[in-house]
Number of protein chains: 2
Amino acid sequence: MHAFRSVALDDEKGELVLLDQTLLPNEISYIRLSKVEDIWEAIRNLRVRGAPAIGIAAAYGVYLAVRNSANITESGALISIDSAVAIFKKAKQYLASARPTAVNLFWALDRMERRLALECDALASPAKCHSVARLPASGREEIDDLLAALRQEADAIRDEDARMCHAIGEHGLSLLERGWGILTHCNAGALATAEFGTALAPIYLGQERGYAFKVFADETRPLLQGARLTAWELMQAGVDTTLICDNMAASVMKRGLVQAVLVGCDRVAANGDTANKIGTLGVAILAKRYSISFYVLGPSSSIDLTCPTGAQIEIEERHGEEITSKWYTHPMAPAGISTFNPAFDVTDAELITAIITEKGIARPPFASSLRELMK
Amino acid sequence: MHAFRSVALDDEKGELVLLDQTLLPNEISYIRLSKVEDIWEAIRNLRVRGAPAIGIAAAYGVYLAVRNSANITESGALISIDSAVAIFKKAKQYLASARPTAVNLFWALDRMERRLALECDALASPAKCHSVARLPASGREEIDDLLAALRQEADAIRDEDARMCHAIGEHGLSLLERGWGILTHCNAGALATAEFGTALAPIYLGQERGYAFKVFADETRPLLQGARLTAWELMQAGVDTTLICDNMAASVMKRGLVQAVLVGCDRVAANGDTANKIGTLGVAILAKRYSISFYVLGPSSSIDLTCPTGAQIEIEERHGEEITSKWYTHPMAPAGISTFNPAFDVTDAELITAIITEKGIARPPFASSLRELMK
């Protein structure tokens, strides 16, 4: 489908291959990283972004930390299991600090560590990886087994994400019809995941199957993910895409050019209230006005049944410089102006037609349908 | 109230003084123009913008064309009335070409020409200015009278605009309460008029009277008039102003921070449907959702009773470069992306709480109230 992959492993060379998203859409540049420091930098500076993609990059990152240390001594003395575990732990802790609020980053790293522990148990039972000192030094074969296990786990994280996106795509596509106009906001696409994305997954599946969707992408101020990323990746896949400013969505809907809205989600409360990129709430209100279906798409891990409603979701406020001067040749607002720059908003459940996850489709009333879905 | 004036005449020096709006908000620069060519350039390149301000600049422009030609020969032979009329007509035709779609530009120039004709009639009845050849050559006194008449007419255009803005402000303010949060879109302020503006007039009046409004200014993509101009001029007047991206308006409203929306208008149809800057429709739909009053403010000349509904209003579509690359250090969207860039949208009458002009306030049903207002 896509000519690009946001995150990939070149195991032969011992390199993580990232499409540098900070250079899009002007430059399509793949960076090859073998050092943990460079992978940290790439996560930190958003060269790779999107919760699933970050998780995958970090999982390969800790794998490569061990693999490349082992390789260094391949022709001579192999590193010990002790050393491998120490290298892993150091790399894990370091990569976790790249984006301290990225829950999926920690999740992926913890999962890799559990696999490491499991493997150590198998190699040197009853010693635990957690007590490195008790592990015996070991030979080439043990290190190879350990590396194979770590690589397998990282591949699994990637493959599960890809399968999940496909499943979201299938469920989503079942709600759409050929030739429809579809509006999307921000970027919940292939760039943010292993492939296919979440909100964009039905569009890509539809593209493969000749649905001929016409997609309108909100540019998504202030960070312009729609213009820079969504428009780019849809174009790459040959999807009929039109870029608009956020404030043009109402005009597009009024003209009858949109039959469904597809958006991603950062967090869905138990009642269906959904936190997503700033501007999503406005789009949902417009969709309601024009009787357009409004679909939220995301992994079931985004559904937080412990959070009763959207009122409990805290909204991050970011620096006003993103509004006043970022991207510009010179500031576009007077010096000293006050700004309000919430990064997210909460769309009320009543505005949402359905919430689509890899497990299936939840419809109102969401309090019961989401609980059912998550069983 | 304001420390600035968008358009002013320095009659002593024979100069039009414009606040160069292309340099805002980074530079407050007044330009002094004595040549018609320079005034043409300023109108053409939006150094002065907003229908009323353009009209005032053009009116002073044709006055200065005659005045400065007369001055040149002050110490020697004065120009003839013939020459004065010829200079006027040439300047008028030239200035009218600066912005071929600016109706108010032609209106102001035509009004100046009618005054010229009237004056010529008085000076040399029954000869008509339209037949220049029949006018007698004349002395210093006649030229002085002619110049005084032209200056008076240009002043009148400016003063009438100022009075109109004040009247709109008074009517508008009668609908607002102390301490309210007010959201506005684009720029319908003092920069666009002789002073006070239209949509912003109630805010300035309220500011003078201690209403302590808290104003949210939409940045207004793609041309950012809200960020560059509205935020700037409200700050100049000491108004409590917060700049937001267009897609944040829903969040601001949901948080209960806005009690009224004030917007300008380009054209109001007989049924109340209102064409205004792109994004206005979306704001109106959001305001309806949150039961916030949505007020349209403008001169009664914006009300076009010959236009039955908004469906008959043609919407200008502008170049996509305004979305993809204008203002930026480098393009923010992939090369070759399709765009949709309507400059205006039409807000349905049913979304509008009231339409406020210098003649008074029209409320639904607008079909009858607007007709009544325009009697």
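Structure shown above.
As the structure is a prediction and not an experimental result, all values here were calculated from the model.

## Brief notes about the packing of aromatic side chains
How two aromatic rings sit relative to each other is set out by the distance from centre to centre and by the angle between their planes.
All names here are of chain A.
Then, in step 1: Counting across every chain of the model gives 9 aromatic pairs over all chains.
Then, in step 2: Aromatic side chains F4 and W232 sit 4.9 Å apart centroid to centroid with 45° between the ring planes, which places their arrangement in the tilted category. Of the two residues, F4 is situated in the segment before β1 (7–10) and W232 in helix α7 (residues 225–236); the sequence distance between them amounts to 228 residues. Taken individually, F4 and W232 each receive the classification buried, so the pair is uniform in this respect.
Then, in step 3: Ring centres 5.4 Å apart and planes at 45° place the aromatic pair Y211 and F213 in the tilted group. Both residues of the pair, Y211 and F213, count as buried.
Then, in step 4: Lying over the aromatic face of W327, K326 brings its terminal NZ or CZ to 4.7 Å of the ring centre.

## Structural notes on the nonpolar core
Then, in step 1: Of all hydrophobic cores here, the largest spans 91 residues; its most connected members are V261 and F294 of chain A together with M253, V261 and F294 of chain B.
Then, in step 2: Leave out the neighbours within four places in its chain, and V261 of chain B touches L183, M253, V283, A287, I292, S293, F294 and Y295 of chain B.

## Details of empty space enclosed by the protein
Then, in step 1: Scanning the model with the defined rule gives 1 cavity of 30 Å³ or more in all.
Then, in step 2: Of the voids in this model, the largest cavity is the one considered here, and its volume is about 190 Å³.
Then, in step 3: Lining the largest cavity are 19 residues, and of these D246, N247 and L286 of chain A together with D246 and N247 of chain B lie nearest its centre.
Then, in step 4: Elements with a contribution of two residues or more to the lining of the largest cavity: α8 (249–254) and α9 (280–289) of chain A together with α9 (280–289) of chain B.
Then, in step 5: Among the residues forming the lining of the largest cavity, the class breakdown is 7 nonpolar, 8 polar and 4 charged.

## So, the pattern of salt bridges
Residues and elements named next belong to chain A.
Then, in step 1: Taken as a whole, this structure holds 53 salt bridges over all chains when the rule is applied.
Then, in step 2: Where D155 meets R151, a salt bridge forms, and the shortest distance between an N and an O atom there is 3.0 Å. One end of the pair is D155 and the other is R151, both in helix α5 (residues 140–173) and 4 residues apart, which spans about a single turn.
Then, in step 3: Accessibility expressed as a relative area gives 27% for R151, which makes it partly exposed.
Then, in step 4: Ionic contacts of the salt-bridge type, sharing partners, join the residues D11, R67, R151, D155, R158 and D159 into one network.

Definitions and limits used
Residues numbered from 1 in each chain as written. Chains lettered and ligands numbered in written order. Predicted model: local features only at pLDDT ≥ 70, side-chain atom pairs only at ≥ 80, totals over all residues. Heavy atoms only, no water. Phe/Tyr/Trp six-rings, centres within 6.5 Å; stacked < 30°, edge-to-face > 60°. Helix = DSSP H or I, 4+ residues; strand = E, 2+ residues; numbered from the N terminus. Buried < 20%, exposed > 50% of the residue type's maximum accessible area, 1.4 Å probe, protein only. Lys NZ or Arg CZ within 6 Å of the ring centre and 35° of its normal. Core = buried A, V, L, I, M, F, W, Y, C linked by side-chain atoms within 4.5 Å. Contact = heavy atoms within 4.5 Å. 1 Å grid on protein atoms, 1.4 Å probe; cavity = no way out; pocket = protein on both sides within 12 Å on 5 of 7 lines; lining within 4 Å. Points joined across faces, edges and corners; volume = space filled by probe spheres on them. Nonpolar A, V, L, I, M, F, W, Y, C, P; charged D, E, K, R; others polar. Salt bridge = Lys/Arg side-chain N within 4 Å of Asp/Glu carboxyl O.

In short, the description is geometric, and any link to function would need to be established separately.
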